[in-house]
Amino acid sequence: YNGRGLPIRSRGVTVTAEFLLLAVVSSDGFIARHPGDPPWDWASAEEQARFRATMAEVAWSVMGRVTHETALRPERRRIVFTSSVTGVAWLTPNHLGFNPAGARFDEALDVAKVDGRVAILGGTRVHDYMLEIGKVDEIRLSIEPIAFGQGLPMFSGVAWAGVETHIATHGMARVGEDEEIGRA
């Protein structure tokens, strides 16, 4: 994978995927107050509308098990990080289970025949993993005017003040004032 949303070859099949990390964060940088805390409980109506519009444009979503269970959508195509499978296995006709301890992410992409835009929806460990393996082409942050004081950070071990530097170490840079971050 070239890190720019361009074609990749996997087992003889050319797949084009663009990975978009979407996150709504509190003003102090938390993606949730606790595991299972749904953003629709605290995100603005404008953010929720923007999120729905973006999701209408994506072919697949990538998320952790808790995020998946918090916002269960049987009709949406998803790759779900879970320890309930040993590598890659279908959980339902639209939900593919993926365990990074037993498979490479490219294997999940191959099994799912992922093509098009892919939304990375969290949580923290999913953000960490996807950034680390170079599967983030763009990050769209929405910062809400609410402070949690504590909660789940966007990335493990990275305080809010250090997020931009952390992202930069992975080849990402701010591309606009609206908190979009893309490959440098």
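Our structure is the block above this text.
The structure presented is a predicted model; accordingly, all values stated were derived computationally and were not measured.

**Student:** Can you tell me about the packing of aromatic side chains, naming the residues and giving the values?
**Tutor:** Given two aromatic rings, their pairing is described by the distance between the two centres and the angle made by the two planes. This structure, assessed with the given rule, holds nine aromatic pairs. Ring geometry for Phe-81 against Tyr-129: centres 5.3 Å apart, planes inclined by 75 degrees, an arrangement best described as edge-to-face. Taken together, the residues span a long stretch of sequence, with Phe-81 in strand 6 (residues 78-81) and Tyr-129 in helix 4 (residues 124-132) at a distance of 48 residues. With centroids separated by 5.4 Å and ring planes inclined at 80 degrees, the aromatic side chains of Phe-98 and Phe-105 adopt a geometry described as edge-to-face.

**Student:** I'd like a description of helix 1 (residues 45-55), backed by residues and values.
**Tutor:** All buried positions along helix 1 are accounted for by Glu-47, Thr-54 and Met-55. In an axial view of helix 1, the angular spread of the buried residues amounts to 95 degrees, which keeps them on one side of the axis. Across from the buried face of helix 1, at angles greater than 90 degrees, the exposed residues are Ala-45, Glu-46 and Arg-52. Looking at the buried positions of helix 1, the neighbouring elements they touch are strand 3 (17-26), strand 5 (60-64), strand 9 (116-120) and strand 10 (138-144).

The rules behind each value
- Residues numbered from 1 in each chain as written.
- Predicted model: local features only at pLDDT ≥ 70, side-chain atom pairs only at ≥ 80, totals over all residues.
- Heavy atoms only, no water.
- Phe/Tyr/Trp six-rings, centres within 6.5 Å; stacked < 30°, edge-to-face > 60°.
- Helix = DSSP H or I, 4+ residues; strand = E, 2+ residues; numbered from the N terminus.
- Buried < 20%, exposed > 50% of the residue type's maximum accessible area, 1.4 Å probe, protein only.
- Arc of directions from axis to C-beta.
- Contact = heavy atoms within 4.5 Å.

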